[in-house]
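# Secondary and tertiary structure notes
Spelled out from the first residue to the last, the chains are:
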Amino acid sequence: MPKPSASTPLSGSGAQAEQLLRTEEAWITPLWNGRVYTLQEQSVPVDFVAPAEGMFVRSDPFCIPRGARNPALAKKCINYICGAPRQSGLAQALFYASPSRQVTYTPETARKVVVANQADFKRAVPEDYNLILDQTGAWRRRWNAWKVA
Amino acid sequence: MAGATLAEERSRRPWLLLAPSALLYAAFLLVPLALLVVASVTPAEGPGRLQAATGEYYAAFATDGITLTILLHTLRLASLVTLSCLVLGYPLALFMRRAGPKTRLAIMLVVVSPLLSSVIVRNVAWLLVLGREGIINTGLQALGLIDAPLPLLYNTFGVVVGVTHVYLSFLVLPLFASLTTINPAAEESAAILGASPLRTFLYVTLSLSPPGAVAGATLVFVLTMGVYLTPVIMGESFVTTLPMVITDLVRNQFEWSRASAFAIVLLLVVGGVMAASGWAERRLTT
């Protein structure tokens, strides 16, 4: 096992972090929860936890750029994707919950994708991008110092 | 009069031949380099920042507590790659010198082949070979030689393997060219005078080949100092080099000034290595 066994900060799709956990090259890493369930489906002994200090709640927005050629078609596409059948399929196949209250889950899927309740959300820490942008350099240097130590 | 004009025109011709490449270098190397120098002394923010030159990013290189260490790690990685290329490349170049034309061509094709393939394809292939579930680890485990997978990937060793694979040709080709200039009569004379093959190799072949070895080793070292993708893929987050830090500064932190200063420092280090190599080559050939 290489040292350190913590993987890279989560970026992009998280595919590489998932691969590192699968091959036990990393023991701890930030990772999308859907990918954790995919690993569990493959019998990888892994789970995810939210730190006691709190966690981020992040939504994935769709954006239509100003001046887009076909905004009506774009809205139609977004409505299609956000419709209950697709969101239900997403939860069933990739283990991501939908923000839509119209989406229903099978009990088995619900156990995986409904990972927080209203009390948990109160612990959520809002992402302060001003702080993040200010501190990214210092945090990166700390991360690099820890890695090469 | 006409003769003078013709002479003038002839003297201008070489410069005309040089003009396209000179323009290319000026536009795409010298001007960007000048802009890089300007950016490296420009404060990241603040009013009138373009007028207030600063050396804070150069100072930060040595004082931020980590970048200097990462430079030393990068130098160590370049040294390890150069050493492994020398160890693997020297016998190969010697063999090529003594081999027939067909064998020589075949070896040259194999040595150059990594340069003809995509860096991504090459590195992903190495992941399949060196990974915990790769060919080597599964093979050794199947043979009962190891109990647990060896850490061959996502560490300095994995990066050295990946970089050596592609840069070996940069050492072998100049070394081979240097070895071919050695007069075989010198080795034959040593043998006739009773020197053993080992003694002939040490005192004739080896002592006449350093210029090629220095040129090849310098190329490998300098290229490794700037290599980016292979450490990212083969080292993941477990190996950090200066080019990775500079890329992160530009892509994720938008710290152009700091990145520019670090890039200039890297350029100066590489320039220093090349100057030392040139001096060594001159010493060896005089």
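Structure: see above.
Residues numbered from 1 in each chain as written. Chains lettered and ligands numbered in written order. Predicted model: local features only at pLDDT ≥ 70, side-chain atom pairs only at ≥ 80, totals over all residues. Heavy atoms only, no water.

## Topic: the overall build of chain B
Tallying secondary structure elements over chain B gives 13 helices and zero strands in all. When its helices and strands are written in sequence order, chain B yields α-α-α-α-α-α-α-α-α-α-α-α-α. For chain B, the C-alpha radius of gyration of 24 Å lies well beyond 19 Å, the compact-globule estimate for 286 residues. Seen along its three principal axes, the alpha-carbon backbone of chain B occupies a region of about 85 × 75 × 30 Å. Taken across its 286 residues, chain B has 38% of its residues classed as buried. At a minimum sequence separation of 6, the contacts of chain B that also span at least 24 residues come to 70%. Side chains of chain B give 16 positive and 13 negative charges; the mean places of these two sets differ by 12 Å. (Helix = DSSP H or I, 4+ residues; strand = E, 2+ residues; numbered from the N terminus. Rg over C-alpha atoms; globule rule 2.2 N^0.38 Å. Buried < 20%, exposed > 50% of the residue type's maximum accessible area, 1.4 Å probe, protein only. Contact = heavy atoms within 4.5 Å. Lys, Arg positive; Asp, Glu negative; His and termini not counted. Charge placed at Lys NZ, Arg CZ, Asp CG, Glu CD.)

## Thoughts on the pattern of salt bridges
Throughout the structure, instances matching the rule amount to six salt bridges over all chains. Among the salt bridges present, the one from Asp248(B) reaches Arg140(A), with a minimum N-O distance of 3.2 Å. Of this pair, Asp248(B) sits in helix H12 (residues 242-251) while Arg140(A) sits in helix H7 (residues 129-148), which puts the two residues in different chains. Given the relative accessible area of 12%, Asp248(B) is considered buried. The residue Glu255(B) makes a salt bridge to Arg258(B) at a minimum N-O spacing of 3.1 Å. Salt bridges linked by common partners bring Glu18(A), Arg22(A) and Arg35(A) together as one network. (Salt bridge = Lys/Arg side-chain N within 4 Å of Asp/Glu carboxyl O.)

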